[in-house]
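An overview of the molecular structure
Below, each chain spelled out in residue letters.
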Amino acid sequence: MRDAVRGVAARFPTAIVSGRCRDKVFSFVRLAELYYAGSHGMDIRGPTADANHHHGNGKAEAEAEAVLCQPASEFLPVMQEVYAALVAKVERAIPGAKVEDNKFCLSVHFRCVEEACWAALFEQVRAVLRDHPGLRLTQGRKVLEVRPMIRWDKGKALEFLLHALGFAADADRDDVFPIYVGDDRTDEDAFRVLRARGHGAGILVSRFPKDTSASFTLRDPAEVKEFLRKLVGANDDS
Ligand SMILES: O=P(O)(O)OC[C@H]1O[C@H](O[C@H]2O[C@H](CO)[C@@H](O)[C@H](O)[C@H]2O)[C@H](O)[C@@H](O)[C@@H]1O
């Protein structure tokens, strides 16, 4: 998959948009030429040259220069405080619970928690959040997510990236065709952006029929890889 993504990025501006924190996503993908939007799009970074060879600047400066958008930066101290509280009151108290620090959002995983304890876990998380009215709770697949209460999601991140790249909807050009591939409920915000734009394609990755705003589906990562390879091949032939 990494080679397929690298091939696409060599021809088209390419971004990875994820709920996980940006550094973690980068450690999985390790392609400096990509855009990365971590924390559900609340932490966007552009491509970087090899930070170790950055002219005159250190790695930290190169990294800071590459950051394009952090709309929830003021929430960082509160997210760290809530992370510590969730580890103490949920992860350490409920067997199987796992709290993941995704920088501008937090994930409370309950996949490995006995179903009989789910209600107690939800209540503990809600109790922690009662002291923090600036945060909201959403639910994913066997995971609760704590997020800043700002109007920002993967769809906003997609709009930001399109604008930053000069591909905004009002730009008078017909040589741009945004494609967004995703398998998570939170990817629906980005699919909706492409639908509203009336141009581009949202692609849901799922083996099963689902209610979605995507225009197409692929069944699994193997089909995504094949699609990315064909995308590059089609471009080579033109
Ligand atoms: O935005 P994505 O890149 O699709 O990330 C969504 C969430 O991915 C991770 O959770 C998922 O994988 C877990 C196993 O590693 C699984 O237990 C969970 O049900 C999945 O949703 C990640 O841990 C979350 O922080 C992301 O929000």
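Residues numbered from 1 in each chain as written. Predicted model: local features only at pLDDT ≥ 70, side-chain atom pairs only at ≥ 80, totals over all residues.

Moving on, we get to the overall build of the chain. A tally of regular secondary structure across the chain gives 8 helices and 11 strands. A globule of 238 residues ought to have a C-alpha radius of gyration of about 18 Å, and the chain, at 19 Å, matches this closely. For the chain, the spread of C-alpha atoms along the principal axes amounts to about 60 × 50 × 35 Å. Residues classed as buried in the chain amount to 30% of the 238 residues present. (Helix = DSSP H or I, 4+ residues; strand = E, 2+ residues; numbered from the N terminus. Rg over C-alpha atoms; globule rule 2.2 N^0.38 Å. Buried ≥ 20, exposed ≤ 12 C-beta atoms within 10 Å, placed from the backbone.)

Glancing now at the sheet that holds strand β8 (residues 143-148). In space, the 4 strands of this open sheet follow the order β5-β6-β8-β7, with antiparallel pairing throughout. Unpaired on one side and paired on the other, β5 (98-101) and β7 (135-140) mark the two borders of the sheet. In this sheet, adjacent strand axes meet at a mean angle of 20° when their direction is disregarded. Bridge count for β7 against β8 is 6 bridges, and the pairing is antiparallel. Residue R136 lies in a different strand from β8, and its bridge partner there is R147. Against the sheet, helix α4 (residues 76-91) makes contact with β5, β6 (106-109), β7 and β8, and its axis sits at roughly 165° relative to β5, the strand it touches most. Across the sheet, helix α5 (residues 118-130) is in contact with β6, β7 and β8; its angle to β7 comes to roughly 160°. (Pairing = 2+ DSSP bridges. Axes fitted to C-alpha atoms, helices over the stretch in contact; angles between N-to-C directions. Contact = placed C-beta atoms within 7 Å.)

Attention now goes to the site of the ligand. Close to the ligand lie 14 residues; S18, G19, S107, R141 and D184 are nearest. Of the residues that constitute the shell around the ligand, the class distribution is 1 nonpolar, 7 polar and 6 charged. Taken together, domain 1 (2-71 + 152-237) and domain 2 (74-148) each give at least three residues to the shell around the ligand, which thus spans both. (Near = placed C-beta within 6 Å. Nonpolar A, V, L, I, M, F, W, Y, C, P; charged D, E, K, R; others polar. Domains from an automatic or database assignment.)

Glancing now at the domain arrangement of the chain. Taken domain by domain, the chain comprises domain 1 (2-71 + 152-237) and domain 2 (74-148). For domain 1 versus domain 2, the separation of C-alpha centres amounts to 27 Å. Tallying the contact residues gives 11 residues for domain 1 and 8 residues for domain 2. Residues of the side of domain 1 that touches domain 2, tallied by class, amount to 2 nonpolar, 5 polar and 4 charged.

Core analysis: the biggest nonpolar cluster contains 23 residues, and A37, L158 and L161 have the highest contact counts within it. At 5 residues, helix α6 (residues 154-164) tops the list of elements feeding residues into this core. Sequence-distant contacts of A37, that is, excluding residues within four places in its chain, are made with A15, V17, D43, I44, A157 and L161. Core analysis: the second largest hydrophobic core is formed by 20 residues, A72, F75, A97 and V128 among them. (Core = buried A, V, L, I, M, F, W, Y, C linked by C-beta atoms within 7 Å.)

Two pairing modes exist for strands in a sheet, parallel and antiparallel, and in both the strands are linked by backbone hydrogen bonds. The sheet built from 4 strands is open, its strands ordered β1-β2-β3-β4 with mixed pairing. The two strands at the open ends of the sheet, each matched to only one other strand, are β1 (15-17) and β4 (67-69). For this sheet, the mean angle separating the axes of adjacent strands, direction not counted, is 20°. As judged from the 3 bridges shared by β1 and strand β2 (residues 35-38), these two strands associate in the parallel manner. By the bridge assignment for β2, V17 is matched with A37. Against the sheet, helix α2 (residues 22-29) touches β1, β2 and β3 (43-45), its axis set at about 135° to β2.

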